[in-house]
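Below are the chains, spelled out letter by letter.
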Amino acid sequence: MTTTVADAPAALGYRAAADAGIGSGSRSTSRVLGRVRARVGEGRGWDGVDLEALSESVLLESSSALAQIEREVNAMHAAIAHQIARRSDAGPGGLARRQGFQSPAKLIASQTGESTAEAQRLINVGGALAATIPEVDGAGGSEVGLGSTETEATCSADAQRPSRPKYVHVSAATGAGKLSISSGNLITNMLGRVEAATTSEVRLAAERDLVDRAMRLSYDQLARAVRQAEAWLDRERIEQTHQMLRDERCLTIREDQAGMTLISGKLDPETAAPVRAMLDAMVAHGLRERREQDRLAADVRSVGQMRADALGIAARHVLGCKSEKLPMSPTAMVVRMNLDDLRASAGVGEVDGLGQPIPASVVRRMAADANVIPAVLGGESEVLDLGREQRSFSVGQRRALFERDGGCAFCGAPPSFTEAHHIRWWERDDGPTDLENGVLLCVRCHHLIHRDGWGIEATVSTVEFVPPASVDRNRVPRPGGRAMFDRPRDWRALGDGESVGATAGVDSAADTTAAGLILERP
Ligand SMILES: [Zn+2]
Ligand SMILES: [Zn+2]
């Protein structure tokens, strides 16, 4: 039998002809999930299904269904892995040893065929999800006996007292198959590390927020958000972390057999910031030149090649080349710090374009450099709405957009890759040059948004993207900007001041322009 696109749902196992319609929204999605679940349950695989004939929407729904099932299965496996680990605790008499394995992770890895590290992660997540804390009334919990009151359900002496999962949001989301165990592991590990430095109320708020965002972020983006969260939750430790990263800096250069020179290394944020700023600015310049060129003489270099050329040109320049100017957009590093932190001479700051927060002492040291612009968050604000008087966004406006969007508001790319765009177009829609009508986007996302018809809704402090019906039938807005990729806004109320409308802290900032600020054509 040949399966055609039209009867693909039947091939997936639909029985009622009336149910066979695709594209009817979430009902169709849950039907596909049900059918895929049944096939997994029965171990039938894709037997009898002509995969070539599946429509795109059934293909996507099937993939999403399998991902959902995989997350559910992993959550179940994590709970079992935790039990195996508990029963292996008894040393030589423990379960893993009796089965001939050095550790429970090795036992589980032998079953899954994955790495021991992967198995250990299952065990860790299972442990975190099994942990409970006593239920307390009131707003989110007391700090009495923190640490010592946190016990595991099965060995708790006071099992009578009502308790709740220690990581209630991660538990719920992984249990429902909405959060992968890798993401859950990132969040619970971080929350465990900041336990001594935070109240349970703040941790709960952070957990809820990170779980919420995790469902929309890639693993790498979530890792960055978690890193930021950790720095803000445990400000004392950031000096230590920074020193640790700094001690690990290293760069090696060698020649391989093909005659290529291999450069590899690890740079701490302070060392990386100028390197990133320089390379990004030179690549951004190259990309912009390319867009302005005619197509016949197009620059066909890849971004990787541009970056390699940039390093070569910069090195020649340092060695005294005679060409007067480097081919790069005018650039400076921008370091940011909250006004309260600045006054308190402690705390956390950041360098635009890098995900890793830096200690206040480093912000201060870097701010002393002539080519670094210190931006103080929560300082006095300037007039940031220019209406129809001026077409291009002012430096002050772009700083405020940086503060709101952090980089590309859609994908989180570094600021130097972004341009400020009018959301309602200047010419076509009479769009004003106001913050609510501005957004920072990288070139790729800008094209994608126009091509696929995404909507953008912005206020002074938030930006959201409305997917086209082809991406999400219900067109549910998705948060973007810093609130999505970096430290979430709603914790600010818990710790520090509002910071809309960043202003430059020094006058010399007027003639230097921050990386990315100047990229839009006048
Ligand atoms: Zn982007
Ligand atoms: Zn546009």
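Residues numbered from 1 in each chain as written. Chains lettered and ligands numbered in written order. Predicted model: local features only at pLDDT ≥ 70, side-chain atom pairs only at ≥ 80, totals over all residues. Heavy atoms only, no water.

Our next topic: the coordination of the zinc ion (ligand 1). Donor atoms from the polypeptide that bind the zinc ion (ligand 1) are C408 (SG), C411 (SG), C442 (SG) and C445 (SG), placed at 2.2 to 2.3 Å. Each of the four donor atoms around the zinc ion (ligand 1) contributes to a set of angles spanning 102 to 116°, which defines the coordination as tetrahedral. Between consecutive donor residues of the zinc ion (ligand 1), the sequence gaps follow C-x2-C-x30-C-x2-C. Separated by 31 residues along the polypeptide, C411 in the loop between α16 (395-405) and β10 (418-422) and C442 in strand β11 (residues 438-442) bring together distant segments of the chain. In this pair, the class of C411 matches that of C442, namely buried. (Donors = N, O, S within 2.8 Å, 3.2 Å for Na, K, Ca; no water. Tetrahedral: all angles 85-135°; square planar, octahedral: opposite > 155°, others 65-115°. Helix = DSSP H or I, 4+ residues; strand = E, 2+ residues; numbered from the N terminus. Buried < 20%, exposed > 50% of the residue type's maximum accessible area, 1.4 Å probe, protein only.)

For the rest of this paragraph, the subject is unusual backbone geometry. Backbone geometry places R475, a non-glycine residue, at a positive phi of 50°. Among the residues examined, R475 registers a relative accessible area of 37% and is labelled partly exposed.

On to the pattern of salt bridges. What the rule picks out here adds up to 15 salt bridges. The salt bridge partner of R37 is E72, with a shortest N-O separation of 2.6 Å. Here E72 lies in helix α3 (residues 56-87) and R37 lies in helix α2 (residues 26-42), a separation of 35 residues in the sequence. Ionic pairing is found between R193 and E230, a salt bridge with its closest N-O pair at 2.9 Å. Taken together, the residues span a long stretch of sequence, with R193 in helix α8 (residues 181-193) and E230 in helix α10 (residues 219-233) at a distance of 37 residues. One network of salt bridges, in which partners are shared, links R193, E230, D234 and R237. (Salt bridge = Lys/Arg side-chain N within 4 Å of Asp/Glu carboxyl O.)

Only H446 (NE2) and H450 (NE2) from the protein coordinate the zinc ion (ligand 2), and they sit 2.1 to 2.2 Å from it. Placement of the pair is H446 and H450 together in helix α17 (residues 443-452), with a separation of four residues, close to one helical turn.

Attention now goes to the confidence of the model for the chain. Residues at a pLDDT of 70 or more form 75% of the chain, whose mean pLDDT is 77. Every residue in residues 1-11 scores below 50 in pLDDT, and together they form 15 contacts with partners more than four places removed in sequence or on other chains. Taken together, the stretch residues 489-522 has pLDDT below 50 and engages in 103 contacts with residues farther than four places along the chain or on a different chain. As a predicted assembly, this complex carries a pTM of 0.67 together with an ipTM value of 0.81. (pLDDT = per-residue confidence, 0-100. Contact = heavy atoms within 4.5 Å.)

Looking now at the sheet that holds strand β14 (residues 478-479). Taken in spatial order, the three strands line up as β12-β13-β14 in an open sheet, and their pairing is antiparallel. With partners counted over all chains shown, the strands left at the sheet margins are β12 (455-458) and β14, one partner each. The pairing of β12 with strand β13 (residues 463-466) spans four bridges and is antiparallel. Bridging from a neighbouring strand, I456 pairs with F465 of β13. (Pairing = 2+ DSSP bridges.)

At a minimum axis distance of 7 Å, the contact between α3 and helix α6 (residues 116-130) shows a crossing angle of 90°. The angle between α3 and α6 falls in the class roughly perpendicular. Residues N74, H77, A78, A79, A81, H82 and A85 of α3 lie in contact with α6, whose contacting residues are L122, I123, V125, G126, G127 and A130. Residue classes in the contact of α3 with α6 are distributed as eight nonpolar, five polar and no charged. (Axes fitted to C-alpha atoms, helices over the stretch in contact; angles between N-to-C directions. Parallel < 35°, antiparallel > 145°, perpendicular 65-115°, else oblique. Nonpolar A, V, L, I, M, F, W, Y, C, P; charged D, E, K, R; others polar.)

A two-sided burial pattern is seen for strand β7 (residues 348-351), the buried positions comprising V348 and E350 on one face and G349 and V351 on the other. Where β7 and strand β8 (residues 358-359) come together, two bridges link them in antiparallel fashion. Considered in β8, the bridge of G349 is made with I358. Taking the residues that link successive antiparallel strands as the turn, the β7-β8 hairpin has six residues, and the phi of G353 there is positive, at about 100°.

Glancing now at the environment of H169. Here H169 lies in helix α7 (residues 168-175). Along the primary structure H169 and V211 are separated by 42 residues, whereas in three dimensions their C-alpha atoms are 6.8 Å apart.

In this section: the pairing of strand β4 (residues 250-255). Little of β4 is tucked away, with zero of its six residues classed as buried. Relative to strand β5 (residues 261-266), β4 runs antiparallel, the two sharing six bridges. Bridge pairing in β5 places I253 opposite I263. Between β4 and β5, which pair antiparallel one after the other, the connecting turn spans five residues, and G259 there sits at a positive phi close to 95°.

Going through the model one piece at a time under the given rule, you end up with two aromatic pairs. Seen from their ring centres, F410 and W454 are 4.9 Å apart, and the 80° between their planes marks the pair as edge-to-face. In this pair, F410 is assigned in the loop between α16 and β10 and W454 in the loop between α17 and β12, connecting sequence segments 44 residues apart. By relative accessible area, F410 is classed as partly exposed at 21%. Accessibility expressed as a relative area gives 13% for W454, which makes it buried. Judged by centre distance (4.7 Å) and plane angle (75°), the rings of F410 and F465 are edge-to-face. One end of the pair, F410, is in the loop between α16 and β10; the other, F465, is in strand β13, with 55 residues separating them in the sequence. Three or more aromatic residues joined by ring pairs make a cluster, and in this case those are F410, W454 and F465. (Phe/Tyr/Trp six-rings, centres within 6.5 Å; stacked < 30°, edge-to-face > 60°.)

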